[in-house]
Amino acid sequence: MGDKNVDFVISIAINSLENYVGHIREHVGQWGKEAVPWFRGEPVCDTPLVPRVYRSTGGRKHYENRLLQMFRMRAPSFSRDPTPGREDTDQWLFLAQHVGLPTRLLDWTESALVALYFALRESEPVVWMLDPFALNGLSVTPPTQGDTAVEAKTFPLTWFDPRGMVKNIGVENVKAAWEIGYPGLPLPVAVHPTYVHTRMSAQRSMFTIHGAKREPLCELAQKPLRRFTIDIDRIPQLRSDMHMLGVHHSTAFPDLDGLADE
């Protein structure tokens, strides 16, 4: 099985940690000094970089709004920690994604090692690297009147809706997740989430939020992406090296469950 829709994304073969770090340094350097790369580890699959809510399960599709509304209604009685306020739809979306509800979000991390750890849990691992500012630049309206320009070199707030001539790209796709019929922006947007779960800080969590188009991110935006394929024969050595460097299961899951699994 191989990843579909990835032929036009630059792909790099990885066989060691040194090789991995070297290629990251090289390609981030090509993006420029302001680049802040994000990473995602996942298996080779037929649906690369597609949010779970857009994937069918056993031939059945997910109903996004129903899932989110029911989750928000019932979650407070199941959580030991305080849940977001009822109107904090961005935080509810982040929380739902992090605990496993199918959403239009894709998980990313600021840590190349955390992404590699998650990838190495798979039999055919892949690590994606994203330039989030470049991705957001594809959705920013070109400046026309000076201060009406949206700055693409900062992450958009996901709770501030200006409701004027200027659209906050961080709000548009969040609204699309909650409001039936609201299209959102055509392309996914990269956002810095509020950390509403303790594991999010350990995993250095970041998210992209899909908009109106449901195609894989690697099809919608090729230039901001790099794809690292891991040599299957080198997986045991890479896992050993990661363990030696202190990247364990409890690093990504810093709680009693994570400790027990480790």
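It should be emphasised that the depicted structure is a prediction, and the values quoted were computed from it without experimental measurement. (Residues numbered from 1 in each chain as written. Predicted model: local features only at pLDDT ≥ 70, side-chain atom pairs only at ≥ 80, totals over all residues. Heavy atoms only, no water.)

Caption draft 1: Here's a closer look at a nonpolar patch on the surface. Among the surface-exposed residues, Leu157, Trp159 and Phe160 lie close enough to one another that they form a single nonpolar patch of about 350 Å² accessible area. Within the secondary structure layout, Trp159 lies in the loop between helix 5 (132-137) and helix 6 (169-178). For Trp159, a relative accessible area of 57% puts it in the exposed group. (Patch = residues over 30% accessible without salt bridge, like charges linked within 9 Å, V, L, I, M, F, W, Y side chains within 5 Å. Areas by Shrake-Rupley, 256 points an atom, 1.4 Å probe, with all protein chains shown as cover. Salt bridge = Lys/Arg side-chain N within 4 Å of Asp/Glu carboxyl O. Helix = DSSP H or I, 4+ residues; strand = E, 2+ residues; numbered from the N terminus. Buried < 20%, exposed > 50% of the residue type's maximum accessible area, 1.4 Å probe, protein only.)

Caption draft 2: Expanded view of the nonpolar core. Tyr20, Ile24, Phe39, Leu116, Val127 and Phe228 are the most contacted members of the largest nonpolar core, which has 25 residues in total. Within the residue set of this core, elements represented by two or more residues are strand 1 (10-14), helix 1 (17-31), helix 4 (112-119), strand 4 (125-130), strand 7 (225-230) and helix 9 (235-244). The contact partners of Tyr20, leaving out residues within four places of it in the chain, are Ile14, Phe39, Ala112, Leu116, Val127 and Phe228. In this structure, Trp92, Phe94, Val189 and Val191 belong to the second largest nonpolar core, which totals 21 residues. (Core = buried A, V, L, I, M, F, W, Y, C linked by side-chain atoms within 4.5 Å. Contact = heavy atoms within 4.5 Å.)

Caption draft 3: Looking closely at the pairing of strand 4. Counting buried positions over the six residues of strand 4 gives six, a clear majority of the element. Side-chain alternation along strand 4 places Pro125, Val127 and Met129 on one buried face and Val126, Trp128 and Leu130 on a second face that is also buried. Where strand 2 (residues 38-43) meets strand 4, six bridges bridge the pair, whose relative direction is antiparallel. Among the inter-strand pairings, Arg40 is bridged to a residue of strand 4, identified as Trp128. One ladder, built from five bridges, connects strand 4 with strand 7; its direction is antiparallel. Residue Val126 lies in a different strand from strand 7, and its bridge partner there is Thr229. (Pairing = 2+ DSSP bridges.)

Caption draft 4: Examining the confidence of the model for the protein more closely. Scored by pLDDT, the protein comes out at a mean of 89, with 93% of its residues at no less than 70. Contacts from residues 143-150, a stretch scored under 50 in pLDDT, to residues over four places away or in other chains number five contacts. (pLDDT = per-residue confidence, 0-100.)

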